[in-house]
Amino acid sequence: MATCETRTVPFVLVGAGGVGAALLEAIVGARALHKARYGIRFSALAVCDSSAAVSGADAAGGLSDAEIAALIAHKASGGKLASQSGAVVRPAEQDASVFLESLVDKYSKEAPDTIVVDCSATDATVPALLKAATTANMRAASANKKPFADSSFRNFRELCLAPTSPARVRYESSVGAGLPVIAALARVVSAHDAVTLISGSFSGTLGYAGESFSAVVGKAKELGYTEPDPRDDLGGVDVARKALILARTLGMALELSDVVVEPLYTPELAELSVPDFLAALPTLDAAFAAKVAAAAAEGKVLRYAANVRPPAADGTGGGSLKVGLVAVPASSPLGTLSGSDNLVEIYSQWYAATPLVLRGAGAGAGTTAAGVLSDMVELANTRG
Ligand SMILES: NC(=O)C1=CN([C@@H]2O[C@H](COP(=O)(O)OP(=O)(O)OC[C@H]3O[C@@H](n4cnc5c(N)ncnc54)[C@H](OP(=O)(O)O)[C@@H]3O)[C@@H](O)[C@H]2O)C=CC1
Ligand SMILES: N[C@@H](CC=O)C(=O)O
């Protein structure tokens with residue numbers, strides 16, 4: 001019987017919170033499948049949190065599965081990686097982006113086919129991801145939206161739209177978590193099927209928007225759906241980033257400031273710290289409940305919806321991005337969403353009367369990590 005050699009695929013993980021830990025767990029759980037089906041074994045060369053990087057030294061130069069399990073337990077108990085023995089601690093005065101870029105630089109020399117995986121929620125990863133996207137055999141996968149929605153379309157173009165990029169950079173979980181939204185859109189784009197509209201609900205947290213406001217936000221936070229800073233969710237910025245990422249994937253040269261955003265909280269609350277902000281949320285309950293009741297009186301429900309409208313095929317109109325609260329019929333596709341479900345409808349030349357629809361869990365550490373892992377397998381399988 002022929003034996004299939006197993007190829008080691010090294011990676012560096014930035015971010016060891018809910019999604020990062022779920023990813024490590026999923027990688028260890030998928031070892032037998034990855035070996036049998038793809039002939040690969042992922043090896044964690046380093047894992048970073050906001051304080052430090054820990055690296056491994058098993059036969060493939062990575063963390064052993066026992067070390068990964070201990071790291072996950074340490075993070076779950078609220079620990080910092082800086083307290084782990086052998087950790088490379090980021091000096092307090094060093095900018096996080098410099099620390100991460102120099103780490104990626106080191107591995108670009110020691111293990112040139114490393115995949116840099118971003119499961120953090122910081123834009124400090126931009127230089128590290130750009131380095132991975134533009135260095136010989138390196139690759140990048142990200143659940144983090146910020147680098148893809150940052151202030152420079154130029155960065156996005158270098159990360160995702162350069163001719164070599166589709167095989168080098170994946171950011172599937174940045175929109176709709178594990179739902180293959182970017183993959184579906186990329187196929188539509190590659191077939192020159194002009195997209196006329198992308199619409200739906202792109203927030204797991206705000207999918208709950210029909211119930212008691214503060215209780216629902218608290219529940220979403222407990223379930224790990226909210227951003228590390230939940231004001232990003234409630235201010236609409238998280239959905240705006242997702243809309244922008246979809247627009248940029250279509251090639252639209254837009255910035256976050258081009259998105260028309262309707263926040264769900266008042267400007268005074270924006271000034272508060274996160275704990276004070278969460279404590280103040282019940283003050284919004286009565287006004288929100290009144291909106292829910294007004295919609296219900298017309299057989300409607302409230303949803304936080306997004307619309308990405310590209311310019312018309314004849315070049316007229318600059319295109320528009322809009323996210324905000326809408327009242328929709330309770331029986332409509334958007335109206336029947338529940339829990340953390342997302343709905344993404346893509347209208348195009350070939351999906352004109354009936355859109356291409358992706359619907360399902362749009363938040364949660366497990367499904368988000370699954371999307372990242374699938375990105376990593378694709379990157380490992382598409383080496384030049
Ligand atoms: N949760 C979800 O449902 C989804 C999340 N995402 C995205 O996934 C990402 C992670 O989300 P989640 O796991 O829930 O968030 P968490 O807050 O649980 O984890 C974030 C992690 O990033 C680390 N981090 C912060 N700054 C840095 C830095 N400078 N260098 C290295 N690591 C850093 C944190 O470190 P420390 O532990 O020290 O604080 C933490 O480990 C986010 O970008 C989010 O938008 C995408 C889709 C769905
Ligand atoms: N905070 C986000 C997480 C996924 O992107 C959400 O609620 O959808």
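All values reported here derive from a predicted model rather than from experimental measurement. (Residues numbered from 1 in each chain as written. Chains lettered and ligands numbered in written order. Predicted model: local features only at pLDDT ≥ 70, side-chain atom pairs only at ≥ 80, totals over all residues. Heavy atoms only, no water.)

Q: Explain the overall build of the chain to me, please; I cannot follow it from the model alone.
A: Looking only at helices and strands, the chain features 14 helices and 13 strands. Its C-alpha atoms give the chain a radius of gyration of 21 Å, within 12% of the compact-globule value 21 Å for 384 residues. In terms of overall dimensions, the chain has C-alpha extents of about 65 × 50 × 45 Å along its principal axes. Once local pairs closer than 6 in sequence are excluded, the contacts in the chain between residues at least 24 apart make up 71%. (Helix = DSSP H or I, 4+ residues; strand = E, 2+ residues; numbered from the N terminus. Rg over C-alpha atoms; globule rule 2.2 N^0.38 Å. Contact = heavy atoms within 4.5 Å.)

Q: Any chance you could explain the environment of Ala69 here in plain terms?
A: When you line up the elements, Ala69 lands in helix H3 (residues 65-76). Owing to a relative accessible area of 45%, Ala69 belongs among the partly exposed residues under this scheme. The spacing of Ala69 and Glu25 is 44 residues in sequence and 7.7 Å in space, taken between C-alpha atoms. (Buried < 20%, exposed > 50% of the residue type's maximum accessible area, 1.4 Å probe, protein only.)

Q: Where do I start with the sheet that holds strand S3 (residues 52-55) in this structure?
A: Each strand in a sheet pairs with another by means of backbone hydrogen bonds, the pair being arranged parallel or else antiparallel. Pairing within the open sheet is mixed, and its seven strands lie in the order S4-S3-S2-S1-S5-S6-S7. Two strands bound the open sheet, and with one partner strand each, they are strand S4 (88-89) and strand S7 (169-170). (Pairing = 2+ DSSP bridges.)

Q: What exactly am I supposed to notice about the pattern of salt bridges here?
A: A side chain of one charge can pair with a side chain of the opposite charge if their charged atoms are brought near each other. Within this structure, the stated rule accounts for 16 salt bridges. In this structure, Arg241 engages Asp232 in a salt bridge whose closest nitrogen and oxygen atoms are separated by 3.1 Å. Exposure remark for Arg241: the relative accessible area of 12% places this residue in the buried category. Judged by its relative accessible area of 14%, Asp232 falls in the buried class. Members of the salt-bridge network, linked through shared partners, are Lys145, Glu227, Asp238 and Lys242. (Salt bridge = Lys/Arg side-chain N within 4 Å of Asp/Glu carboxyl O.)

Q: I tried to follow the sheet that holds strand S10 (residues 300-309) on my own but got confused; where do I start?
A: Read from one edge to the other, the open sheet built from six strands follows the order S9-S11-S10-S8-S12-S13, with strand pairing classed as mixed. Because the sheet does not close on itself, it has two edges, and the strands there are strand S9 (259-261) and strand S13 (356-361). When the angles between neighbouring strand axes are averaged without regard to direction, this sheet yields 25°. Strand direction decides the pairing type here: S9 and strand S11 (residues 320-329), joined by three bridges, are parallel. Across the sheet, Val260 pairs through a bridge with Lys322, a residue of S11. Here helix H7 (residues 181-190) sits on the sheet in contact with strand S8 (195-201), strand S12 (341-348) and S13, set at roughly 170° to S13. Along the sheet, helix H10 (residues 237-249) makes contact with S8, S9, S10 and S11, crossing S11 at roughly 120°. (Axes fitted to C-alpha atoms, helices over the stretch in contact; angles between N-to-C directions.)

Q: Sorry, what's going on with the site of ligand 2 here?
A: Every residue close to ligand 2 is listed here: Lys145, Ser203, Gly204, Thr205, Tyr225, Thr226, Glu227, Asp233, Asp238, Lys242 and Gly362. At 2.8 Å, a side-chain N or O of Lys145 approaches an oxygen atom of ligand 2. A distance of 2.6 Å separates a nitrogen atom of ligand 2 from a polar atom in the backbone of Tyr225. Within the complex, the protein chains bury 93% of what would otherwise be the 250 Å² of accessible surface of ligand 2. The class makeup of the residues in the shell around ligand 2 is one nonpolar, five polar and five charged. (Near = heavy atom within 4 Å. Polar contact = N/O pair within 3.5 Å; in protein donor to acceptor, adjacent residues only side chain to side chain. Areas by Shrake-Rupley, 256 points an atom, 1.4 Å probe, with all protein chains shown as cover. Nonpolar A, V, L, I, M, F, W, Y, C, P; charged D, E, K, R; others polar.)

Q: Looking at this structure, I do not really get helix H13 (residues 285-297). What am I missing?
A: Along an α-helix, residues three or four positions apart point the same way, because every turn accommodates 3.6 residues. Here H13 contains 13 residues, and its C-alpha end-to-end distance of 18 Å stays within 8% of the 18 Å for a straight helix at 1.5 Å per residue. Looking at H13, one finds that the buried residues are Asp285, Phe288 and Ala295. One side of H13 holds all its buried residues, which, seen down the axis, span an arc of 95°. For H13, the exposed residues lying more than 90 degrees away from the buried face are Ala286, Ala287 and Ala297. Where H13 is buried, its residues contact helix H8 (213-222), S10 and S11. Taken from the residues just after H13, Gly299 is the one with a positive phi, measuring 75°. (Expected span 1.5 Å × (residues − 1). Arc of directions from axis to C-beta.)

Q: Before we go on, may I ask you to explain helix H6 (residues 153-161) in this structure?
A: What H6 keeps buried is the set Phe153, Asn155, Phe156, Leu159 and Cys160. The arc enclosing the buried residues of H6, seen along the axis, measures out at 150°, which places them on a common side. Tucked inside the fold, the buried residues of H6 contact helix H5 (126-134), S7 and H10. Between the side-chain oxygen of the N-cap and the backbone nitrogen of Arg154 there are 3.1 Å, and the N-cap of H6 in question is Ser152.

Q: When you look at the confidence of the model for the chain in this model, what are you seeing that I'm missing?
A: It should be kept in mind that the predicted coordinates are not to be read in detail where pLDDT is low. Of all residues in the chain, 97% have pLDDT values of 70 or greater, and the mean over the chain is 93. Overall fold confidence (pTM) sits at 0.96, and the ipTM for the predicted complex is 0.99. (pLDDT = per-residue confidence, 0-100.)

Q: Got a minute to help me understand the site of ligand 1 in this structure?
A: Taken together, 27 residues are adjacent to ligand 1, and Ser50, Lys80, Ser120, Glu227 and Gly364 come closest. Within the contact set of ligand 1, an oxygen atom lies 2.6 Å away from a side-chain nitrogen or oxygen of Ser50. Protein burial of ligand 1: of its 900 Å² of free accessible surface, 84% is covered by the chains. Counting residues per element, the ones that place at least two in the shell around ligand 1 are helix H1 (18-29) and helix H4 (96-110). Residues belonging to the shell around ligand 1 are distributed by class as follows: eleven nonpolar, eleven polar and five charged. Lining the shell around ligand 1 are residues from two domains, each supplying at least three of them: domain 1 (7-177 + 366-380) and domain 2 (185-360). (Domains from an automatic or database assignment.)

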